[in-house]
Amino acid sequence: LCGYSCAGKTRLAQWLRDTQSHIHLEASDFMYQAFWRRHGVRTGIKIGDFAESALSQDPTVVPKVIAEQIQEKQYSKVVVSGFRSPNEALELQKLMAPDRDVQLIFLDASQPIRLQRAIARGRDDVTTESFANRDEQERMMGLGEVSLLPSCQILANDMSLELLFDRFATQFRHLLDLQCSESLPSRERELEDLILI
């Protein structure tokens, strides 16, 4: 799942986790991990600047780690959210082939709607200017090009979460018909989430 900030990626991934037993892996968690290893927790460098630099130098870093985790844990149903570059998405598709099919979905919502969501969340002291700057940085990373990839499908998220879930269930029904081969107990899934946090 890709899309600009507040497009609904995490909420949709959580819904897939909670209702369809998907394992949710957030790409930015792995980017933060690389960031902290390199610069420490207390640094004046912004994560967005680090991510932009990292993606320009080697866009395969995060997809490689995610692919390794999927293969090591033998997850059958996984949702990955938060890639910012088409090269990240293409790398994951390449690493998973031919054993796994990777469906690339771009969540689309207008900037005013996403800004309202960001303000409602009350995080990061969001302003119109700071939000536009974040969009621009993500665009510079290549996020807008993800939706242009031939393998990418667009999913509109300009209304309620319920409508988003309904649209997903309709448009991507084939992804919901999979039988879960791993029986990951809810306590273990919660532990996976805590490890990522």
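Residues numbered from 1 in each chain as written. Predicted model: local features only at pLDDT ≥ 70, side-chain atom pairs only at ≥ 80, totals over all residues. Heavy atoms only, no water.

**Q** Explanation requested: the pattern of salt bridges in the structure shown.
**A** Oppositely charged side chains can pair when the atoms bearing their charge come close. Inspection of the entire model under this criterion finds 7 salt bridges. Note that Arg84 is salt-bridged to Glu138, the shortest N-O span being 3.0 Å. Of this pair, Arg84 sits in the loop between strand E2 (78-81) and helix H5 (86-96) while Glu138 sits in helix H7 (residues 128-141), and the two are 54 residues apart along the sequence. Note that Lys94 and Glu91 form a salt bridge whose closest N and O atoms lie 3.5 Å from each other. Taken together, the residues Lys94 and Glu91, both in helix H5 and 3 residues apart, mark about one turn of the helix. In the salt-bridge network here, residues are joined through shared partners; they are Arg84, Arg134 and Glu138. (Salt bridge = Lys/Arg side-chain N within 4 Å of Asp/Glu carboxyl O. Helix = DSSP H or I, 4+ residues; strand = E, 2+ residues; numbered from the N terminus.)

**Q** Looking at this structure, I do not really get the confidence of the model for the protein chain. What am I missing?
**A** When pLDDT drops low, the exact placement of atoms in the prediction is not to be read closely. Taken as a whole, the protein chain shows an average pLDDT of 85; of its residues, 79% reach a score of 70 or greater. Here residues 178-185 is a poorly scored stretch, pLDDT under 50, and it has 13 contacts once near neighbours within four places are set aside; other chains count. (pLDDT = per-residue confidence, 0-100. Contact = heavy atoms within 4.5 Å.)

**Q** When you look at the packing of helix H6 (residues 111-121) against H7 in this model, what are you seeing that I'm missing?
**A** Relative orientation and spacing of two packed helices are given, respectively, by the angle between their axes and the distance between those axes. Direction vectors running N to C along H6 and H7 enclose 120°, while the axes themselves pass 11 Å from each other. As summarised for this structure, H6 and H7 are arranged oblique, according to the angle between their axes. Between H6 and H7 the crossing geometry is right-handed. Contacts between H6 and H7 pair Gln111, Arg114, Leu115 and Ala118 from the former with Thr128, Phe131, Ala132 and Asp135 from the latter. (Axes fitted to C-alpha atoms, helices over the stretch in contact; angles between N-to-C directions. Parallel < 35°, antiparallel > 145°, perpendicular 65-115°, else oblique. Left-handed = near helix turned anticlockwise from the far one by under 90°.)

**Q** Looking at this structure, how should I read the nonpolar core?
**A** Generally speaking, nonpolar side chains in soluble globular proteins are found buried as a group. Of all hydrophobic cores here, the largest spans 23 residues; its most connected members are Ile66 and Phe83. Those elements that provide at least two residues to this core are strand E1 (23-26), helix H2 (27-39), helix H4 (61-73), H5, strand E3 (104-108) and helix H8 (143-146). Looking at which element gives the most residues to this core, the answer is H4, with 4 residues. In this view, Phe83 contacts Leu1, Cys2, Ala27, Val62, Pro63, Ile66, Glu88, Ala89, Leu92 and Leu143; residues no more than four positions away in its chain are not counted. (Core = buried A, V, L, I, M, F, W, Y, C linked by side-chain atoms within 4.5 Å. Buried < 20%, exposed > 50% of the residue type's maximum accessible area, 1.4 Å probe, protein only.)

**Q** What is the right way to look at helix H1 (residues 9-20) in this model?
**A** Every α-helical turn comprises 3.6 residues, leaving residues that sit three or four positions apart pointing alike. Relative to the 16 Å expected for 12 residues at 1.5 Å per residue, H1 spans 16 Å between its end C-alpha atoms, a close match to the ideal helical length. Buried within H1 we find Lys9, Leu12, Ala13, Trp15, Leu16, Arg17 and Gln20. Positive backbone phi, at 65°, marks Ser21, one or two positions downstream of H1. (Expected span 1.5 Å × (residues − 1).)

**Q** Mind showing me how you'd approach the pairing of E3 here?
**A** A large share of E3 lies buried, amounting to 4 of its 5 residues. Inspection of the sheet shows E3 paired to strand E4 (residues 152-156) by 5 bridges, in the parallel sense. Opposite Phe106, over in E4, you have Ile154 as the bridge partner. (Pairing = 2+ DSSP bridges.)

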